[in-house]
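Residue-level structure breakdown
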Amino acid sequence: MITVNGIRNAFWCAIAFGIVACASTPVPVEKLAIAKGSIERAEQAQAAQFAQIELNSARNKYAAAQAAADRRDAQVAARLADQADVDAQLAESTSRAKQQEQLVTEMDASLRDLRNDALRRDGTAQPVPQQP
Amino acid sequence: MKRKYVKLSLIAVVIASVLSGLAACETTTPDASTLLAQARSAITQAEADPNVAKYAPTELDRARKLLINAEDSARQKDGHETASHYAYLTMQMARIAQQRAQEQVAIKHIKSGETERQKILLTARESEADQAAAGLENLKASQTSRGIVLTLDDVSFDKGKAQLKPGAGRSIDQITAFLNENPERRVQVEAFTDSQGANDFNIELSQSRADAVAMAIIRSGINAERVRAVGYGEGFKDGSRQMDRRLEVIVSNGDAAIPGHTAGAL
């Protein structure tokens, strides 16, 4: 995962390096804004804690996209922004899924306790009027 | 795995050098077909999970469309770089679909777990109530949605009077003992009259009688805040005149408030 990302980053850096000359289309302001919004949503969903790798990938690509945009390298900026966007969406959904799964584990544990309590009570079920 | 890494690194180095060397806008990227294969398998994997189609159809659809874009680009001359880009987006979107589905499955699981929890708690409360009622076995007790209803047969009053007659002590003692054992519970004394006499008078009479029983309970050491008294007059008939004229004590379920008496809601 990391290695593939690393290679991909190297790859995009290389492209960014290589295509400085051919910037002709306008800078993709909208795509950058969309990616930024997705990163913020991922952060709000606590992706920094639950989907760190995906969130970091999104942040790095967003920074690279901005750098490309600063160089007026529209195509690279657009692609990096799109990738930052999906990386951020993956970070958000992964984080949410993990948190819900944590809740499932807690719920299952509390259900187990409750069932055990019920069994224990039924096992000793007898009218004990003096019990406080 | 390691060999794959080395191979990919080599490819990356080649791409990097080719790209910087040519400084061209469109270049072919040798790993486009690898990425395309990965994208296809990511979609196959997502499709294999029925929950994805159920809970994240939009994302799955988006991933499929991105794959079509990737394949179209791959067929075009000089489209390999674009194909790689779309293949990557496809892969990520397929993963997003899976994560979203996983989240929904978890949420559903939690919801059904919550229902299950309520059921267990309710059963526990009922068996607790049964045990509590067992402590009142000498009184006519029945579990209702309002709580445990005790009918006090041995509490009687002279006609038109609200003075407790001696002999009522035994069931009141029992209620007091029960309240001491169950400090979280409350009681509501409810008195009813038969239909003889004026309604206003009957309501007042039944209230006085309920008050008398409540006072007896409080005098024997129960905090007044746990005892309420309501006179219903000749409302809520039971049938026979004997049964219309009756005294009931409602014991709360745990520390829950006792809902008011409504016809047919026993």
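These figures come from a predicted structure and were not determined experimentally. (Residues numbered from 1 in each chain as written. Chains lettered and ligands numbered in written order. Predicted model: local features only at pLDDT ≥ 70, side-chain atom pairs only at ≥ 80, totals over all residues.)

Considering the overall build of chain A
Counting its secondary structure elements, chain A contains five helices and zero strands. Residue burial in chain A is summarised as follows: out of 132 residues, 41% are buried. (Helix = DSSP H or I, 4+ residues; strand = E, 2+ residues; numbered from the N terminus. Buried ≥ 20, exposed ≤ 12 C-beta atoms within 10 Å, placed from the backbone.)

Topic: the overall build of chain B
Helix and strand counts for chain B come out as eight helices and five strands. The secondary structure elements of chain B, listed N-terminal to C-terminal, are α-α-α-α-α-β-β-α-β-α-β-α-β. Counting every position in chain B, which comprises 266 residues, the buried fraction comes to 36%. For chain B, the proportion of contacts with a sequence separation of at least 24, taken over those separated by at least 6, is 69%. (Contact = placed C-beta atoms within 7 Å.)

Focus: unusual backbone geometry
A positive phi angle, near 60 degrees, is found at A:Gln46, a position not held by glycine. Mapped onto the elements of the fold, A:Gln46 is located in the loop between α2 (29-44) and α3 (47-50). Positioned with a positive phi, B:Asp78 is a non-glycine residue whose angle comes to about 65 degrees. Considering the arrangement of structural elements, one finds B:Asp78 in the loop between α4 (57-75) and α5 (80-134).

Quick word on helix α4 (residues 52-70) of chain A
Under the 1.5 Å per step criterion, the end-to-end length of α4(A) is 27 Å for 19 residues, consistent within 8% with the ideal 27 Å. Within α4(A), burial applies to A:Glu54, A:Leu55, A:Ser57, A:Ala58, A:Lys61, A:Tyr62, A:Ala64, A:Ala65, A:Ala68 and A:Ala69. (Expected span 1.5 Å × (residues − 1).)

Focus on the pairing of strand β3 (residues 187-192) of chain B
All names here are of chain B. For β3, the tally of buried residues reaches six of six residues, placing the bulk of the element in the interior. Because side chains alternate across β3, one face comprises the buried residues Val187, Val189 and Ala191, and the other comprises Gln188, Glu190 and Phe192, equally buried. The pairing of β3 with strand β4 (residues 227-231) spans five bridges and is parallel. Each bridged residue has a counterpart across the sheet, and for glutamine 188 the counterpart in β4 is arginine 228. In the classification by handedness, the crossover that spans β3, the intervening helix α7 (residues 199-219) and the parallel β4 is right-handed. Strand direction decides the pairing type here: β3 and strand β5 (residues 246-251), joined by six bridges, are antiparallel. In the strand pairing of β5, phenylalanine 192 is matched with arginine 246. (Pairing = 2+ DSSP bridges. Right-handed = clockwise from strand over helix to strand, strands pointing away.)

Side note on the nonpolar core
A:Ala65, A:Ala77, A:Ala84, B:Ala39, B:Ala63, B:Ala87 and B:Ala97 are the most contacted members of the largest nonpolar core, which has 52 residues in total. Among the elements that make up this core, the one with the highest residue count is α5(B) (11 residues). Excluding its chain neighbours within four sequence positions, the residues that come into contact with A:Ala84 are A:Ala35, A:Ile39, A:Ala58, A:Lys61, A:Tyr62 and A:Ala65. One finds B:Ala191, B:Phe192, B:Val213 and B:Ala214 within the second-largest nonpolar core, a separate group that totals 28 residues. (Core = buried A, V, L, I, M, F, W, Y, C linked by C-beta atoms within 7 Å.)

A look at the confidence of the model for chain A
The share of residues in chain A with pLDDT of 70 or more is 76%, and the mean pLDDT across the chain is 84. Segment residues 125-132 of chain A is flagged for pLDDT under 50; beyond a separation of four residues in sequence, or across chains, it makes seven contacts in the model. (pLDDT = per-residue confidence, 0-100.)

Topic: the packing of helix α6 (residues 169-181) of chain B against α7(B)
Residues and elements named next belong to chain B. The contact between α6 and α7 brings their axes to 9 Å, and the two run at 55 degrees. Taken together, the axes of α6 and α7 lie oblique to each other. Relative to α7, the crossing made by α6 is right-handed. In this structure, α6 contributes Ile172, Ile175 and Thr176 to the contact, and α7 contributes Val213, Ala216 and Ile217. The residue inventory of the contact of α6 with α7, partitioned by class, reads five nonpolar, one polar and no charged. (Axes fitted to C-alpha atoms, helices over the stretch in contact; angles between N-to-C directions. Parallel < 35°, antiparallel > 145°, perpendicular 65-115°, else oblique. Left-handed = near helix turned anticlockwise from the far one by under 90°. Nonpolar A, V, L, I, M, F, W, Y, C, P; charged D, E, K, R; others polar.)

So, the sheet that holds strand β2 (residues 147-151) of chain B
Residue and element names in this part refer to chain B. Across the sheet, which stays open at both edges, the five strands sit in the order β1-β2-β5-β3-β4 with mixed pairing between neighbours. Each having just a single partner strand, β1 (140-144) and β4 make up the two edges of the open sheet. The sheet shows a mean angle of 20 degrees between the axes of neighbouring strands, taken without regard to direction. On top of the sheet, α7 reaches β3, β4 and β5; it is set at about 165 degrees to β4, its chief contact.

Regarding the pairing of β5(B)
Residue and element names in this part refer to chain B. Of all six residues in β5, five are buried; the element is thus mostly enclosed. Pairing analysis gives four bridges linking β2 to β5, with the strands arranged antiparallel. Across the sheet, isoleucine 148 pairs through a bridge with valine 251, a residue of β5.

Quick word on the packing of helix α2 (residues 32-48) of chain B against α4(B)
Residues and elements named next belong to chain B. Two numbers describe how α2 lies on α4: the axes approach to 11 Å, and their chain directions differ by 155 degrees. Classified by the interaxial angle, the pair formed by α2 and α4 is roughly antiparallel. The element α2 and its partner α4 pack so that their crossing is left-handed. Listed contacts from α4 to Ala32, Leu36, Ala39, Arg40, Ile43 and Ala46 of α2 are Leu60, Ala63, Arg64, Leu67, Ala70, Glu71 and Ala74. The residue makeup of the contact of α2 with α4, split by class, is 10 nonpolar, no polar and three charged.

Quick word on the environment of B:Ile172
Residue and element names in this part refer to chain B. With respect to the helices, strands and loops of the structure, isoleucine 172 is situated in helix α6. Remark: the alpha-carbon pair of isoleucine 172 and leucine 152, spanning 20 residues in sequence, is separated by 8.7 Å. Once you skip the residues sitting within four places of it in the chain, isoleucine 172 turns out to touch Val213, Ala216, Ile217 and Ser220.

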